Amino acid sequence: MPEKQPRRFTWQIGLRSLFLLTTAIAVWTVYYSNTREIDRLELRIADMRPLVRELVVEDEEQFAVVKLEQHWYDENRWSVYVPSGEFRLYLATREIDEEGLAPVVASVPLAAGRHLLAHDNVALPDDEGWRVTVHAGERLVLSTEEPQEWNPAFGWSEGGQFDRSEQLPADKPMVLFRRRFTQPAPGGRSTTPTGPTDGIMLWIEPAGGARDDP
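Calculation criteria
The residue count restarts for each chain, going from 1 along the sequence in the order it is written. Per-residue local features are limited, in this predicted model, to residues with pLDDT of at least 70; the limit for side-chain atom pairs, both in listing and counting, is 80 or more; totals at the level of whole chains, interfaces and linings are taken over all residues. Each side-chain value is worked out from all heavy atoms of the structure, with water and hydrogens disregarded. Every helix listed is a DSSP run of H or I at least four residues long, and every strand listed is a run of E at least two residues long, numbered separately from the N terminus. Between buried and exposed lies partly exposed: a residue is buried under 20% and exposed over 50% of the maximum accessible area for its type, with that area taken using a 1.4 Å probe on protein chains only. Here the accessible surface of atoms and residues is derived via Shrake-Rupley with a 1.4 Å probe, and residues count as covered only by protein chains that are part of the display. One speaks of a salt bridge when a side-chain nitrogen belonging to Lys or Arg is within 4 Å of a carboxyl oxygen belonging to Asp or Glu. The nonpolar core is taken to be a set of buried Ala, Val, Leu, Ile, Met, Phe, Trp, Tyr and Cys residues, with the residues joined through side-chain atoms within 4.5 Å. Two strands pair under a simple rule: DSSP has to find at least two bridges between them. Like-charged residues within 9 Å of one another, or nonpolar side chains (Val, Leu, Ile, Met, Phe, Trp, Tyr) within 5 Å, are grouped into patches, provided each residue has over 30% relative accessible area and no salt bridge. Note on definitions: angles span 0 to 180 degrees between N-to-C directions of axes, and those axes are lines fitted to C-alpha atoms, for helices only across the stretch in contact.

Moving on, we get to the overall build of the chain. Scanning the chain from N- to C-terminus turns up one helix and 13 strands. Taken from the N to the C terminus, the helices and strands of the chain come in the order α-β-β-β-β-β-β-β-β-β-β-β-β-β. Residue burial in the chain is summarised as follows: out of 214 residues, 33% are buried. Carbon together with sulfur atoms contributes 54% to the accessible area of the chain, which is approximately 14,400 Å² in total.

In structure tokens form, the structure reads like this:
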């Protein structure tokens with residue numbers, strides 16, 4: 001009797017199964033490619049976020065602030081988040097030192113939530129002096145006037161710029177702006193005084209303290 005040959009098992013794949021397999025491979029290939037692209041774009045967005053100066057609030061119990069880009073010379077605008085509680089916005093124009101706070105010339109309550117704050121310092125007509133203003137959105141909230149000699153127009157030094165979004169404890173003053181005017185010095189130069197001097201200071205802190213409206 002002839003010896004039986006072992007039976008060989010052969011794979012048989014129908015046209016429908018081949019189509020489904022090809023589709024599944026294509027779907028997973030697209031998914032993998034999209035996942036890598038999304039990861040790459042998320043990294044780019046994270047790198048670019050500071051450039052657009054977007055206000056980021058991760059802790060709603062803290063202040064948040066970022067200074068917005070300037071559209072013209074000496075424009076000062078901030079996007080600010082204020083947590084729940086009683087807070088005030090303070091303005092000073094005298095006795096401004098390199099650190100600490102200064103005597104208040106005006107203040108206003110600041111409600112919880114997001115605010116767009118803007119400061120301006122303009123010369124009055126006919127050399128009558130200067131007007132310092134602060135707007136919250138389109139609303140004028142603080143204003144004071146100073147004599148001509150208050151700003152000798154020799155320049156200034158500044159601090160508290162917040163070029164990137166930052167969060168700060170709400171139980172301490174958050175200084176948005178500190179400008180100290182320079183004074184004339186021998187040889188036609190100018191210098192910033194070592195002690196308190198005239199300028200502009202803007203900050204937010206809890207209400208109810210000794211610095212509320214005089």
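Here the narrative resumes.
What follows is about the pattern of salt bridges. Applying the stated criterion across every chain yields a total of five salt bridges. Residues Glu75 and Arg77 are paired through a salt bridge, measuring 3.1 Å at the closest nitrogen-oxygen approach. We note that Glu75, like Arg77, is buried. With a closest N to O distance of 2.8 Å, Glu145 and Arg131 form a salt bridge. Here Glu145, found in strand β7 (residues 139-146), pairs with Arg131, found in strand β6 (residues 130-136); they are 14 residues apart in sequence, far enough to count as distant. A relative accessible area of 47% means that Glu145 is categorised as partly exposed. On the basis of relative accessibility, which here comes to 31%, the residue Arg131 falls in the partly exposed class. Connected through salt bridges with shared partners, the residues Arg94, Glu146 and Asp198 form a single ionic network.

Turning our eyes to something else, we now look at the nonpolar core. The biggest cluster of nonpolar side chains holds 28 residues, and the ones touching the most others in it are Val80, Leu89, Leu142, Leu176, Leu202 and Ile204. Of all the secondary-structure elements, those providing two or more residues to this core are β1 (63-67), β2 (76-82), β3 (87-92), β4 (106-110), β6, β7, β10 (174-181) and β13 (199-206). In terms of nonpolar packing, the next biggest core, distinct from the first, is built from eight residues, Tyr90, Ile96, Val175 and Trp203 among them.

Moving on, we get to the pairing of β1. For β1, the buried fraction is high: five of the five residues fall into the buried class. In β1, alternate side chains face the same way, and those of Phe63, Val65 and Lys67 on one face and Ala64 and Val66 on the other are all buried. Judged from the three bridges that link them, β1 and strand β9 (residues 166-168) form a sheet pairing that is antiparallel. By the bridge assignment for β9, Val65 is matched with Glu166. Where β1 lies against β2, four bridges are found, and the strand directions are antiparallel.

Looking now at a nonpolar patch on the surface. Together, Leu18, Leu21 and Ile25 line one region of the surface with nonpolar side chains, adding up to about 280 Å² of accessible area. The residue Leu21 is located in helix α1 (residues 15-52) in this model.

Right, let's get into the sheet that holds β1. In spatial order, the strands read β7-β6-β5-β2-β1-β9; together these six strands make up an open sheet with antiparallel pairing. Each edge of the open sheet carries a strand with a single partner, namely β7 and β9. Put simply, the sheet's adjacent strands are angled 20° from each other on average, direction ignored. Inspection of the sheet shows β6 paired to β7 by seven bridges, in the antiparallel sense.

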